Amino acid sequence: MNRYRRFGSLIFAIEILLLVIFDSVYIGRNKNSAGRIYRVEAVRVAQELQEKTIGGIDLSQYSTIVNVSEFSADEIVNNDYVVEEIEGKLYRIEYSAGENYHGLWYINGSIISMMILTGIVFLYIERKILKPFHDMSNLSYELAKGNLSMPIKEEKNKFFGRFLWGMDMLREQLEDNKEKELAFQKDKKTMILSLSHDIKTPLSSIELYAKALSEDLYDTQDKKDEALQGISRNVKEIKKYVDEIVTASREDFLNLKVNEGEFYLSEVMKATQVYYNDKLSMLHTRLTMEAFSDCLLKGDKNRLIEALQNIMENAIKYGDGDCIRIFCDEEEDCKLISIENSGCSLKEEELPNLFDSFYRGSNSHGIKGNGLGLYICRNLMRKMEGEVFARIIGDKFRVTVVIHRV
């Protein structure tokens, strides 16, 4: 920002310097021109006096001559004059050699107007472009540090207003996710502490029974059988607590929200194609989108695009990079959107587990990921009363999204 202001000040200084130089040159030339005019006109008047009397000279045709009279040394005049001797008589030729600055004022006015316009443009750029951009750089820095509590000032300019509004929504979403994460960690810690306490009791009982059996403290077979039954009972209780932990870990911890609405299939397909055209071109992967009949769909357009993006990312990561095909089918009152990639190395028996959270197939070795992409797809589609399923067809892997038509 300071460098921009210094640059603006330099531009103004250059304009002022050019204005001063131009005025100096113009005034100098104007004075020389005015001097030449009155001398030329004085010579012309002297020539006329040789032929005419003073009263016969028309002074209106001269721009600098104001009066012609016989010279008298005692007479006082206010104008500048020259004395000419004509046929033995002295004549006073009075003139006014005032410079003409009308053109200078017009030119100076134009240049000053341009300077004012330049100042307005510089001020507009600073306030409407550079200042919001500076705020955005501070915002990204604060978000990177984890400072999510400071709201972003609303900006209504057409350049960055929508972007800042989106960034503020992102900040609020990150802040909300942070609070949910803290709450989740708190609940998780509370659950672990609670289950740890609950498990201690059956573990202590098992320890006592095992110690008694190892030291042969029971003198009858009935008591030994009773101890074994106690161990079995406590093992079942511990297993119940373990099942609770597993169930809790499989709950919908992502808390995905869906806004129901109506939208056209072409909007979703176009957004997906535009998003991946350049990316796949850089990867030298052929993208084929087959022709489809447009229709009105029911659900959340943005969430459907998100689901398709997750599937596309999987196709890019786990395919052989040769080609990806997108096509549509119809089934009763539903639209089926399929994404198929070449080079499938997944095993058929792995298909039922693909949509589980944190599950990664046998073809994921050396590939970064967390096993949540297809899990998120399934949850999003089910919240829109749709579905998603996968198939292996030869050496191709196909994921199909099912969504209802209106």
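Bear in mind that the values here come from a model prediction, so they are computed numbers and not experimental data. (Residues numbered from 1 in each chain as written. Predicted model: local features only at pLDDT ≥ 70, side-chain atom pairs only at ≥ 80, totals over all residues. Heavy atoms only, no water.)

1. A short note on the overall build of the protein
Point 1. What the protein contains, in helices and strands, is 7 helices and 10 strands.
Point 2. A buried classification covers 32% of the 406 residues belonging to the protein.
Point 3. Contacts in the protein between residues far apart in sequence, at least 24 positions, make up 64% of those at least 6 positions apart.
Point 4. For the protein, the exposed surface amounts to about 26500 Å²; the carbon and sulfur share of it is 54%. (Helix = DSSP H or I, 4+ residues; strand = E, 2+ residues; numbered from the N terminus. Buried < 20%, exposed > 50% of the residue type's maximum accessible area, 1.4 Å probe, protein only. Contact = heavy atoms within 4.5 Å. Areas by Shrake-Rupley, 256 points an atom, 1.4 Å probe, with all protein chains shown as cover.)

2. Examining the nonpolar core
Point 1. Membership of the largest hydrophobic core comes to 41 residues, with the highest contact counts inside it found for Leu304, Ile337, Ile339, Leu354, Met381 and Phe397.
Point 2. Going through the elements one at a time, helix 5 (265–282), helix 6 (301–318), strand 7 (323–331), strand 8 (334–342), helix 7 (373–383), strand 9 (387–393) and strand 10 (396–404) are the ones with two or more residues in this core.
Point 3. In terms of residue count, the dominant contributor to this core is helix 6 (7 residues).
Point 4. Once residues within four sequence positions are removed from consideration, Ile337 is found in contact with Leu265, Met269, Leu304, Leu308, Ile326, Phe327, Cys328, Val399, Thr400 and Val401.
Point 5. With 13 residues, the next largest nonpolar core counts Ala42, Val45, Ala46 and Val68 among its residues. (Core = buried A, V, L, I, M, F, W, Y, C linked by side-chain atoms within 4.5 Å.)

3. Remarks on the layout of surface pockets
Point 1. Considered as a void within the structure, the second largest pocket measures approximately 450 Å³ in volume.
Point 2. Contributing to the lining of the second largest pocket are 26 residues, with Asn314, Tyr318, Gly371, Gly373 and Leu374 lying nearest its centre.
Point 3. Broken down by secondary-structure element, the contributors of at least two residues to the lining of the second largest pocket are helix 6 and helix 7.
Point 4. Here the lining of the second largest pocket takes 6 residues from helix 6, the largest share from any one element.
Point 5. Looking at the lining of the second largest pocket residue by residue, the classes come out as 11 nonpolar, 12 polar and 3 charged. (1 Å grid on protein atoms, 1.4 Å probe; cavity = no way out; pocket = protein on both sides within 12 Å on 5 of 7 lines; lining within 4 Å. Points joined across faces, edges and corners; volume = space filled by probe spheres on them. Nonpolar A, V, L, I, M, F, W, Y, C, P; charged D, E, K, R; others polar.)

4. Structural notes on the packing of aromatic side chains
Point 1. Summed over the entire model, instances satisfying the criterion amount to 1 aromatic pair.
Point 2. The ring of Tyr81 is capped by Arg92, whose NZ or CZ atom sits 5.0 Å from the centre of that ring. (Phe/Tyr/Trp six-rings, centres within 6.5 Å; stacked < 30°, edge-to-face > 60°. Lys NZ or Arg CZ within 6 Å of the ring centre and 35° of its normal.)

5. Quick look at the sheet that holds strand 2 (residues 80–86)
Point 1. Within the open sheet, the 3 strands sit side by side as 1-3-2. Their pairing is antiparallel. In this open sheet, the two edge strands, each paired with only one partner strand, are strand 1 (65–70) and strand 2. Strand-to-strand, the axes of this sheet are offset by a mean angle of 25°, without reference to chain direction.
Point 2. Bridge count for strand 2 against strand 3 (residues 89–95) is 7 bridges, and the pairing is antiparallel. By the bridge assignment for strand 3, Ile86 is matched with Lys89. (Pairing = 2+ DSSP bridges. Axes fitted to C-alpha atoms, helices over the stretch in contact; angles between N-to-C directions.)

6. Overview of empty space enclosed by the protein
Using a probe with the size of a water molecule, rolled over the atoms, empty space left in the structure can be pinpointed.
Point 1. Scanning the entire structure with this criterion turns up 2 cavities of 30 Å³ or more.
Point 2. What the largest cavity holds in volume is close to 50 Å³.
Point 3. Lining the largest cavity are Leu280, Thr285, Ala315, Ile316, Gly319, Asp320, Gly321, Asp322, Cys323, Ile324, Asn341 and Ser342.
Point 4. Of all the secondary structure elements, the ones that give two or more residues to the lining of the largest cavity are helix 6, strand 7 and strand 8.
Point 5. Across the lining of the largest cavity, the residue classes tally to 5 nonpolar, 5 polar and 2 charged.
Point 6. As a volume, the second largest cavity reaches approximately 40 Å³.
Point 7. A total of 3 residues in the lining of the second largest cavity trace back to one element, the largest contributor, which is helix 6.
Point 8. When grouped by side-chain class, the residues that make up the lining of the second largest cavity number 6 nonpolar, 2 polar and no charged.

7. Concerning the packing of helix 6 against helix 7
Point 1. At their nearest, the axes of helix 6 and helix 7 sit 9 Å apart, and the two run at 155° to each other. As summarised for this structure, helix 6 and helix 7 are arranged roughly antiparallel, according to the angle between their axes. Handedness of the helix 6/helix 7 crossing: left-handed. When helix 6 is examined against helix 7, the residues Arg303, Leu304, Glu306, Ala307, Asn310, Ile311 and Asn314 are found in contact with a partner set consisting of Gly373, Leu374, Ile376, Cys377, Leu380 and Met381.
Point 2. When the residues that make up the contact of helix 6 with helix 7 are grouped by side-chain class, the tally is 8 nonpolar, 3 polar and 2 charged. (Parallel < 35°, antiparallel > 145°, perpendicular 65-115°, else oblique. Left-handed = near helix turned anticlockwise from the far one by under 90°.)

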